[in-house]
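Examining the three-dimensional arrangement
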Amino acid sequence: MVVKKYIVKSMNEAMAKIKYDLGSDAVIISQRKVKKRGILGIFSKKLIEVTAAVDNSKDTKKRENIYSKPQYTEENSDLNESVEALKRAMKKHEETTKVEKRRVLEDVKSSGEDRILREMEEMKKLIGNISSSNADQEEKSEIELKLEEADINEGYIKEIVKNIMDDKSDIDLNLKLKSALEKNIEISKTEEKGIITFVGPTGVGKTTTIAKLAGKFSLIEKKKVGLITVDTYRIGAVEQLRTYADIMNLPFKVVLTLKEMDEAIKSMQNCDIILVDTTGRSSKNKMQISELRAFVSKTNSLNINLVISATTKNRDLEAIIDGYRQLDFQNVIITKLDETTTYGSIINILNYAHKPLSYVTTGQNVPDDIRRMAKGEIVSLVLGEDNVC
Ligand SMILES: Nc1nc2c(ncn2[C@@H]2O[C@H](COP(=O)(O)OP(=O)(O)O)[C@@H](O)[C@H]2O)c(=O)[nH]1
Ligand SMILES: [Mg+2]
């Protein structure tokens, strides 16, 4: 019995080889898919390993072609010697190749190019995970772990990874990651003039943010600023803003009805900027949001900001954003960056809201702890290369 294994690309190729080597009496014993590792193990090809056998007891001659093994007999010692010499030569060649390969790898590493190898390894894992329907069971790539650590939503991580894979440019992997993250960030270009309105859940920092901006516009930019508070619930939250208005000597109005909103805006016609505060509403309560919508529409504001805290749980972010969507906000302000150590929520918020970021706030100090942020700065924060302090 002669048994031979073939590694081939297709069964047709296997059949042709088997017929040629073993004759048409040969039978296929087994076949299985195997992967052949390509350069540095990256571009692996799918191949088939086919095992075929033929019973040579009946007709030996038929299968003694140029590829069949020579018969080692005492009389054939010349042939034996040549075969042994050939084996020795092959072994030497294999050893030299191994040493050569090791040397090349070491050269690559020592010349600082092991980064390329690591990147290739990383790409391999990314490709594996993106094509797998069950990513949990795959080994996560460093990039995926980094994004997970930053608390970015799983769905966005997949999109970011896909973006990296689609990026065919020549830049290194870290730059591709940064550019993929930047695609999830838009920075507001809305001009700061006229009526600017602030909405969002209670306690996120709307009033404090308004006080900070009032300080920036009036004290630093020397603009005429007016402050309005919509307080349909009469819970006394207005006092906080009144105090800031008094300190900065700014006109201030509390609005209880839609008619009063009209009057308040008219009374501030000479102001360059009017900042409108609202009391928090539960985003789950559609009635409360609708009521607020009536006041917000009355302002005709072209710059409505949803204020949301970076410390909000990922699960709650979507419900809040959905709840406030009916107010047609144009921009997002993310507060309390100083109170969190992971910044993935910035990506989650901006992605889900699909609106640009106008400001971030970084502490309780009025007017200092507010600023605009560039895409690159946000990406550095998210990747842990920077912090807000
Ligand atoms: N750590 C921190 N606290 C803030 C920030 N912005 C506001 N706060 C605090 O959050 C609390 C609620 O703020 P407030 O402006 O009243 O929230 P509002 O209910 O949305 O108007 C106050 O204690 C603020 O000092 C911030 O950026 N960082
Ligand atoms: Mg408030």
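Residues numbered from 1 in each chain as written. Chains lettered and ligands numbered in written order. Predicted model: local features only at pLDDT ≥ 70, side-chain atom pairs only at ≥ 80, totals over all residues. Heavy atoms only, no water.

1. Observations concerning the pattern of salt bridges
Inclusion rule: The working definition used for a salt bridge is a side-chain nitrogen of Lys or Arg within 4 Å of a carboxyl oxygen of Asp or Glu. Helix numbers and strand numbers start at the N terminus; a helix is a DSSP run of H or I with at least 4 residues, a strand a run of E with at least 2. Exposure classes here rest on a 1.4 Å probe applied to the protein chains alone. A residue is buried below 20% of its type maximum, exposed above 50%, and partly exposed in between.
A full pass over the atoms with the stated rule returns 15 salt bridges. Across the salt bridge formed by aspartate 21 and lysine 4, the nearest N and O atoms sit 3.3 Å from each other. Taken as a pair, aspartate 21 in helix α1 (residues 11–22) and lysine 4 in strand β1 (residues 2–8) lie far apart in primary sequence, 17 residues in all. Of the residues examined, lysine 4 reaches a relative accessible area of 27% and is grouped as partly exposed. Across the salt bridge formed by glutamate 154 and lysine 158, the nearest N and O atoms sit 4.0 Å from each other. Of this pair, glutamate 154 and lysine 158 both sit in helix α5 (residues 154–166), four residues apart, which is roughly one turn of the helix. With a relative accessible area of 55%, glutamate 154 lands in the exposed category. Among the charged side chains, a salt-bridge network with shared partners connects Lys216, Glu221 and Lys223.

2. A few points about the confidence of the model for the protein
So the rule is basically this: In predicted models, pLDDT denotes the confidence assigned by the predictor to each residue on a 0 to 100 scale. Two residues form a contact once any of their heavy atoms are found within 4.5 Å.
In the predicted model, the protein carries a mean pLDDT of 83, and 77% of its residues have values of at least 70. The low-confidence segment residues 38–43, where pLDDT is below 50, has nine contacts with residues more than four positions distant or belonging to other chains. Within the model, the stretch residues 59–76 combines pLDDT values under 50 with 20 contacts to residues more than four positions away or in other chains.

3. Examining the sheet that holds strand β5 (residues 225–230)
To keep it simple, the criterion reads: Whether two strands pair depends on DSSP finding at least two bridges between them.
Here we have eight strands laid out as an open sheet, ordered β6-β5-β7-β4-β8-β9-β10-β11, and mixed in their pairing. The open sheet has two edge strands, β6 (252–255) and β11 (370–371), and neither has a second partner. Bridging between strand β4 (residues 194–199) and strand β7 (residues 273–278) involves four bridges; their strand directions are parallel. If you follow threonine 197 over to β7, its bridge partner there is valine 276.

4. Quick look at the side chain of aspartate 21
Put simply, the rule reads: Throughout this description, a polar contact denotes any pair of N or O atoms lying within 3.5 Å of each other; where both atoms belong to protein, one of them has to be capable of donating a hydrogen while the other can accept it, and for residues adjacent in sequence the pair is counted only when both atoms sit in side chains.
Assessed through its relative accessible area of 12%, aspartate 21 is described here as buried. Side chain to side chain, aspartate 21 and lysine 4 meet in a polar contact 3.3 Å long.

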